[in-house]
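# Working through the structure, step by step
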Amino acid sequence: MNNIQKTLSIIKPDAVERNLTEEIKSIFKKNGFEIIGEKKIKISKEEAEKFYIVHQSKPFYEDLCNYLSSGPIFVMILSKENAVLANRKLMGATNPEDAKEGTIRKKYGLSIDKNSVHGSDSEENAKKEIDFFFSS
Ligand code: UDP
Ligand code: MG
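Here the structure is a predicted model, which means the values were calculated and not measured.

Turning our eyes to something else, we now look at the side chain of Thr21. Here Thr21 is to be found in helix α2 (residues 21–30). If near-sequence neighbours (up to four positions away) are discounted, Thr21 is found in contact with Ile11, Ala15, Val16 and Phe74.

On to the site of ligand 1, then. Around ligand 1 sit Lys12, His55, Phe60, Leu64, Arg88, Thr94, Arg105, Ile112, Asp113 and Asn115, and that is every residue in its neighbourhood. Taking Lys12, its side chain carries an N or O atom lying 3.0 Å from an oxygen atom of ligand 1. In this structure, Arg88 approaches ligand 1 through a side-chain N or O atom, which is 2.8 Å from an oxygen atom. The protein chains hide 78% of the 500 Å² of surface that ligand 1 would expose on its own. Residues of the shell around ligand 1, tallied by class, amount to three nonpolar, three polar and four charged.

Thresholds, definitions, all that
- Residues numbered from 1 in each chain as written.
- Chains lettered and ligands numbered in written order.
- Predicted model: local features only at pLDDT ≥ 70, side-chain atom pairs only at ≥ 80, totals over all residues.
- Heavy atoms only, no water.
- Helix = DSSP H or I, 4+ residues; strand = E, 2+ residues; numbered from the N terminus.
- Contact = heavy atoms within 4.5 Å.
- Near = heavy atom within 4 Å.
- Polar contact = N/O pair within 3.5 Å; in protein donor to acceptor, adjacent residues only side chain to side chain.
- Areas by Shrake-Rupley, 256 points an atom, 1.4 Å probe, with all protein chains shown as cover.
- Nonpolar A, V, L, I, M, F, W, Y, C, P; charged D, E, K, R; others polar.

Honestly, that's just the spatial picture; any functional story needs more than this.
Given below as structure tokens:
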């Protein structure tokens, strides 16, 4: 069954800063993702707070929002068969220490907070997150 989906991917400040953007984009392409939208931006603390609102009650929320707004990020709309799950698999576990060999977080992640990439966790959230960054 054909189930082409879109999902939102963010290359986080730690990876943009280390000039890993092109390398990570090429991993997505090699794995069959089409990049149908992309831009390098810097967001404010307030925007980061909105984006991560689901984590509002978590102890790491404040640090997370400071971090995501600390430097340039690279946001992409990825498209592929079952893109949401496929991207989550390719990213690996939230904590790079737990991420499997061959995943982006295993390869580039520095720590649980500086874990190099974000990916939407459901099709519904993918739509919201794509709208957040790409509806002008
Ligand atoms: N995070 C953190 N400390 C934690 C859990 C999460 O700093 O104990 C950060 C981490 O950067 C993660 C983000 O918060 O990517 C969002 O957390 P989530 O559980 O949604 O993980 P993800 O969906 O990114 O794998
Ligand atoms: Mg998440």
